[in-house]
Amino acid sequence: METAPSQSFGLQLQLQALFFFPACVATVGSSGRPSNRTVVFRGFQGDSDKIQIHTDGRTRKIEELKHCPFAEICWYFTDSWEQFRINGRVDVIDGLNPDPVKLQERENAWFASSLKSRLQYLSPNPGLPCVTEEPAQVFSLDPSTAPVAAFCLLILDPDQVDYLNLKNNERLTFISSQNVDGVKCWYSETINP
């Protein structure tokens, strides 16, 4: 069943409640093994179905995405027994990106974040050993400061959605393709849970 391009796959309406809600994102590690971590869903890019995630450019996931630009994000809700698995290609937008439109999106995302969230990008490199036993350094940041080098905006462009509702024993898969006009359309199919 084809879904109209403007409706996408209904994900925007269903996931608006997830804004700032943690999700798990899986990438492929350099060893070929899965690599999974929790991230925060920061909304959609404009009126599209592209998912925005903020991250530190010094983390391992950035190198993994440069090696293999595909990822899958997953939410599971214990109250409703629903799971959303969304996979697609990820665009990593850092301060070195040559596209001025993407750099503006990155800056907008930076200023949409709380000051406390922005401060985490001034901390020592994530995942590296602590080199001192002294208390953690307290950082400060002028609220008008432009995005720091460590701040990255990830844009996941979904091409497949797997929706599972265990209460209703229902499972749907949504797959995107481009029509003859180059417009992204979604097709849904009911599959066995």
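Residues numbered from 1 in each chain as written. Predicted model: local features only at pLDDT ≥ 70, side-chain atom pairs only at ≥ 80, totals over all residues. Heavy atoms only, no water.

## Examining the pairing of strand E9 (residues 184-191)
Logical step 1: The pairing of strand E8 (residues 170-178) with E9 spans 8 bridges and is classified as antiparallel. Bridge assignment links glutamine 178 to a residue of E9, and that residue is lysine 184.
Logical step 2: Connecting the antiparallel pair E8 and E9 is a turn made up of 5 residues, with glycine 182 showing a positive phi of about 80°. (Pairing = 2+ DSSP bridges. Helix = DSSP H or I, 4+ residues; strand = E, 2+ residues; numbered from the N terminus.)

## Description of the packing of aromatic side chains
Logical step 1: Following the criterion strictly, the structure yields 7 aromatic pairs and no others.
Logical step 2: With a centroid separation of 5.3 Å and 75° between ring planes, the pair formed by phenylalanine 41 and phenylalanine 44 is classed as edge-to-face. Each of the two residues, phenylalanine 41 as well as phenylalanine 44, counts as buried.
Logical step 3: Their ring planes at 90° and their centres at 5.4 Å tell us that phenylalanine 41 and tryptophan 75 sit as a pair that is edge-to-face. With phenylalanine 41 in strand E3 (residues 34-44) and tryptophan 75 in strand E5 (residues 70-77), the pair connects residues that are 34 residues apart, well separated along the chain.
Logical step 4: Relative accessible area serves as the criterion here: at 0%, phenylalanine 41 is assigned to the buried category.
Logical step 5: On the accessibility criterion, tryptophan 75 (0% relative accessible area) is buried. (Phe/Tyr/Trp six-rings, centres within 6.5 Å; stacked < 30°, edge-to-face > 60°. Buried < 20%, exposed > 50% of the residue type's maximum accessible area, 1.4 Å probe, protein only.)

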